[in-house]
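A structural walkthrough
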Amino acid sequence: MPPPKDVVKIAIQMMGAIPQLIELNQTKPLAAVVKEVCDVWNLGNAEHYALQYVDGQQTYITESNRAEIKNGSILRLTTSPDQEAERLHSGIRSHNQDVKADSLKKLADLSRDITFAQEFINRNGLKQLFLIVEEGNDTGEILAHTLKAFMELMEHDFVSWETLSPAFIKKIVRYVNTGGMDASIQQLSLSILENMVPSSRPLFELVKREVTLDRLLTHLQVTNQQLQLKAMALLIALLLNASDAERRDMMGYLGERNIRQFIHKNIIHASEPMGDEMAHYLYVLQSITLNLLERRMRTPMDPYSQEQRELLQFLRHSAFESESEASAGTVSAERRRSVCVTEFRKLGFQNHSNPAQDLHRAPPGLLALDNMVYFSRHCPSAYSRFVLENSSRDDKHECPFARSSIQLTLALCEILHVGEPCSETAQAFYLMFFGQDHFFQELFCICIQLQNKTWKEMRATQEDFDKVLQVVREQITRTLSLKPTSLELFKTRVNALNYSEILRLRQTERMHQEETLAVPVLELRERLKPELLELIRQQRLLRLCEGTLFRKISSRRRQDKLWYCRLSPNHKVLHYGDVEQGVQSPPIESLPEKIPVADIKELLVGRECPHMKEKGSGKHNKDVLDLAFSISYDVEEYYLNFIAPTRYEFCLWTDGLNVLLGREMTSERTQSELDILLSMELKLRLLDLENISIPDAPPPSPSPPAT
């Protein structure tokens with residue numbers, strides 16, 4: 001007979017003793033279980049002992065987590081958390097440096113466990129760590145273990161960051177600001193400051209004041225990737241928690257200090273490949289920089305602003321300088337007004353007499369005016385050529401510069417997500433963004449000339465304006481999807497993607513769609529589908545066997561903690577466990593936790609996941625919701641929660657788990673890959689029928705021959 005569901009079969013080890021194999025009754029008090037185990041080994045004072053997992057994080061077993069014990073688990077009988085906390089609390093105060101170092105190292109490891117952490121904090125253990133740092137007598141290994149233990153204890157949120165003493169904070173700041181300090185100590189100190197920044201406004205102001213941007217820039221120039229990463233994490237935390245005015249000032253200063261060049265040289269083109277965490281921070285920095293344009297984008301033009309009116313006049317004078325000067329002193333005011341109206345019409349403003357009205361719509365607001373002025377100042381010959389070339393055309397075929405600039409600015413804001421909040425997980429940044437000062441304005445200069453070129457290629461009239469803009473938008477997005485590494489490369493590729501090429505691509509896509517709609521082809525598609533779906537299923541399972549590195553994200557900040565999950569080669573067990581930063585593909589034997597595939601009951605995605613219900617459903621969490629999935633398993637319905645690093649990984653894992661559960665693959669990736677495979681297979685099958693029209697119905701069968 002199978003054992004009752006409240007009983008699990010486990011092994012218990014102890015140093016120097018023969019392991020015990022027991023049937024653990026989950027209804028029996030844990031203290032009674034420990035007492036029975038101690039009695040077998042003739043150990044007194046059972047209350048001084050506790051059970052602990054042998055593998056993984058070696059978590060202590062408590063009444064609250066004992067339900068997670070599975071059949072076949074291996075536990076260890078060890079000193080209870082309160083006894084261990086007391087021993088280490090005494091050890092870190094020892095005058096023997098070896099004892100102190102060993103105690104602090106053990107403390108840093110055990111502090112990950114929430115039960116131990118609470119016991120140690122209850123003994124005022126944090127105060128002892130503060131003293132070690134504040135007194136400043138210890139350096140090197142002892143100090144590194146102290147800071148590591150402090151970080152692990154603070155992760156449990158038992159104590160507020162606002163309780164840190166000024167003397168402790170001063171020391172941490174000094175470790176960051178002192179040149180030649182041990183890199184591991186500086187990394188931990190930067191992490192501590194990063195955690196302090198979002199905790200309260202006074203702590204943010206303190207860190208901002210004490211750790212200068214110049215010091216962080218110095219850390220970004222080192223070759224130590226982990227130190228670079230921690231410095232960038234603190235910089236991003238400061239920027240995200242600053243007010244709009246503070247953020248603008250900070251970004252202005254960073255621009256003056258050439259942060260873009262530091263990033264381009266020391267991070268993007270470093271000898272070591274960039275990690276996911278740094279890619280995320282560069283995405284956030286790109287997003288923050290582009291969002292500085294939001295204020296101008298959302299501000300309509302004020303027709304009573306002298307400064308803004310002068311910018312409009314500057315555009316007119318730059319394009320029609322000789323004409324304006326010739327008419328300035330020789331004609332009446334009425335005539336000059338008429339000339340202005342004519343010139344604003346030639347510039348492409350729809351409201352010739354009051355061009356400020358064209359810029360009243362926000363977005364793009366004043367950002368469009370800024371772009372036009374930038375183009376006229378930095379590309380004067382191209383600007384004059386654009387305006388004069390079109391003002392000499394027939395009215396129906398002239399490309400309106402101002403109207404094009406306004407609509408193009410709006411399109412670029414949408415493509416680059418200007419004004420949108422930063423994603424918590426995204427890593428997609430443009431390499432060319434960090435290779436160019438004034439990226440948005442320079443991109444506009446390329447694209448406005450592209451608009452004029454495309455307008456001529458389409459032989460467009462005013463009625464075709466929206467069609468031209470649609471083509472230009474397609475040219476830009478298709479080129480950006482190729483991920484050009486510089487603006488020069490972007491310019492070359494986007495100009496090569498002319499209107500004829502866009503038509504060819506559209507025609508190819510349309511023909512492919514039409515080809516696949518013939519009845520015989522549709523029948524062939526249906527016959528091919530099962531075979532190709534099986535191919536996709538096998539690929540998904542192979543991908544799960546390779547495994548994926550997942551990241552733990554807390555509600556407070558993006559965490560460095562990583563864990564890995566992979567499927568066993570026989571597709572029967574999911575293996576998972578925590579891994580250190582830098583580990584890419586750990587062997588399956590190093591992953592201590594296991595879930596039999598047969599025990600998996602359900603796959604949940606998005607808002608249905610338990611960890612998403614906890615996080616809430618705010619706007620800033622939408623990107624995380626799109627990447628979240630969970631599996632429920634075992635009779636008691638435990639959950640393993642995931643947040644995929646990318647949407648692609650989300651699709652692979654949800655598809656793979658559905659295959660293991662014997663269900664259909666439902667992700668958008670499956671459909672797109674199936675379409676690609678079907679298209680390739682159909683083309684191969686129909687090669688011999690090229691240029692032969694396929695009838696909708698089969699030809700009639702001939703009558704049988706006469707006998």
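Residues numbered from 1 in each chain as written. Predicted model: local features only at pLDDT ≥ 70, side-chain atom pairs only at ≥ 80, totals over all residues. Heavy atoms only, no water.

Identification of the protein as Engulfment and cell motility 3 from Chrysemys picta bellii is taken from an unreviewed UniProt entry.

1. A look at the sheet that holds strand β11 (residues 638–643)
Convention followed: The rule for pairing is simple: two strands pair if DSSP sees at least two bridges between them. Runs of E in the DSSP output that reach at least two residues are strands. Runs of H or I that reach at least four are helices, and both are numbered from the N terminus. Fitted lines through C-alpha atoms serve as axes, helices being fitted only where they are in contact, and the angles separating the N-to-C directions of these axes extend from 0 to 180 degrees. For this analysis, residues touch if any pair of their heavy atoms sits within 4.5 Å.
Reading across the sheet, the three strands line up as β9-β10-β11 and stay open at both edges, with antiparallel pairing between neighbours. The sheet is open, and its two edges are formed by β9 (600–605) and β11, each paired on a single side. Averaged over all neighbouring strand pairs, the angle between strand axes comes to 20°, with direction disregarded. Summarising the sheet, strand β10 (residues 628–633) and β11 pair through six bridges and their orientation is antiparallel. Bridge pairing in β11 places Ala628 opposite Ile643. Strands β9, β10 and β11 of the sheet are contacted by helix α29 (residues 647–660), whose axis makes an angle of about 25° with β10.

2. Quick word on the packing of helix α21 (residues 401–415) against helix α22 (residues 439–457)
Rules: Any angle between 65 and 115 degrees counts as roughly perpendicular, while under 35 counts as roughly parallel, over 145 as roughly antiparallel, and the rest as oblique. Note on convention: near helix rotated counterclockwise from far helix by under a right angle means a left-handed crossing. Clockwise means right-handed. Gly falls in the polar group here, along with every residue not listed as nonpolar (Ala, Val, Leu, Ile, Met, Phe, Trp, Tyr, Cys, Pro) or charged (Asp, Glu, Lys, Arg).
At a closest axis distance of 10 Å, the pairing of α21 and α22 adopts a crossing angle of 130°. Considering the angle they form, α21 stands oblique to α22. At the point where α21 passes α22, the crossing takes the right-handed sense. Two secondary-structure elements touch here, α21 through Phe401, Ser404, Ser405, Leu408, Thr409, Leu412 and Cys413 and α22 through Phe440, Leu443, Phe444, Cys447, Ile448 and Gln451. Looking at the contact of α21 with α22 residue by residue, the classes come out as nine nonpolar, four polar and no charged.

3. Some details on the nonpolar core
Applied cut-off: The definition of a nonpolar core used throughout is a set of buried Ala, Val, Leu, Ile, Met, Phe, Trp, Tyr and Cys residues joined through side-chain atoms within 4.5 Å. Partly exposed residues are those whose accessible area sits between 20% and 50% of the maximum for their type, while under 20% is buried and over 50% is exposed, using a 1.4 Å probe and protein chains only.
Counting 146 residues, the largest nonpolar core has Leu129, Phe150, Met232, Leu347, Leu369, Ile476 and Phe490 as its most contacted members. No other element matches the 11 residues that helix α11 (residues 225–241) contributes to this core. If we skip the residues at most four places from it in the chain, Met232 touches Leu220, Ile263, Ile267, Met278, Tyr281 and Leu282. Trp563, Tyr576, Ile595 and Ile643 belong to the second largest nonpolar core, which has 41 residues in total.

4. Digging into the packing of aromatic side chains
Threshold: Ring pairs are drawn from Phe, Tyr and Trp, using the six-membered ring of Trp, whenever the two centres fall within 6.5 Å, and their geometry is named by plane angle: stacked under 30 degrees, edge-to-face over 60, tilted for the rest. Any Lys NZ or Arg CZ that is within 6 Å of a ring centre and within 35 degrees of that ring's normal is treated as a charge sitting over the ring.
Inspection of the entire model under this criterion finds 24 aromatic pairs. When the centroid spacing of 5.1 Å and the interplanar angle of 75° are considered together, the rings of Phe550 and Phe642 count as edge-to-face. Placement of Phe550 in strand β5 (residues 548–553) and of Phe642 in strand β11 is noted, with a sequence separation of 92 residues between them. Across the pair, Phe642 and Phe550 agree in class, each one buried. One residue, Arg377, lies across the ring of Phe314, its end atom 4.6 Å from the ring centre.

5. Considerations on helix α20 (residues 380–391)
Our working rule: One less than the number of residues in a helix, times 1.5 Å, gives the span that helix is expected to have. This arc is taken over the directions from the axis of the helix to the C-beta atoms.
The first and last C-alpha atoms of α20 sit 16 Å apart over 12 residues, in line with the 16 Å expected at 1.5 Å per residue. Among the residues of α20, Ala382, Tyr383, Phe386, Val387 and Asn390 are the ones counted as buried. For α20, the buried positions fall inside an angular range of 125° around the axis, keeping them on one side. Packed against the buried residues of α20 are α16 (306–319), α18 (333–346), α19 (366–378), α21 and α22.

6. Focus: unusual backbone geometry
Cis rather than trans, the peptide bond between Ala362 and Pro363 has omega equal to -5°. Checked against the element boundaries, Pro363 lands in the loop between α18 and α19. Positive phi is not limited to glycine here, since Asn42 has a value of about 55°. You can see Asn42 is positioned in the loop between α1 (30–40) and β3 (49–53). Classification of Asn42 by relative accessible area gives exposed; the value is 70%. Its identity is not glycine, yet Asp157 carries a phi of approximately 60°, on the positive side. Along the chain, Asp157 turns up in the loop between α6 (140–154) and α7 (166–177).

7. Description of the pattern of salt bridges
Condition: By definition, a salt bridge exists where a carboxyl oxygen of Asp or Glu is found within 4 Å of a side-chain nitrogen of Lys or Arg.
On inspection of all chains with the given rule, the structure shows 35 salt bridges. Across the pair Glu277 and Arg551 runs a salt bridge, and its minimum N-O distance is 2.8 Å. Of the two residues, Glu277 is situated in helix α14 (residues 276–291) and Arg551 in strand β5; the sequence distance between them amounts to 274 residues. The exposure classification of Glu277 matches that of Arg551, with both residues buried. Arg663 serves as the salt-bridge partner of Glu602, at 3.1 Å between the closest nitrogen and oxygen. With Glu602 in strand β9 and Arg663 in the loop between α29 and α30 (668–685), the pair connects residues that are 61 residues apart, well separated along the chain. On the accessibility criterion, Glu602 (33% relative accessible area) is partly exposed. Here Arg663 falls in the partly exposed class, since its relative accessible area comes to 34%. Through salt bridges that share partners, Arg112, Lys148, Glu152 and Glu580 make up one connected network.

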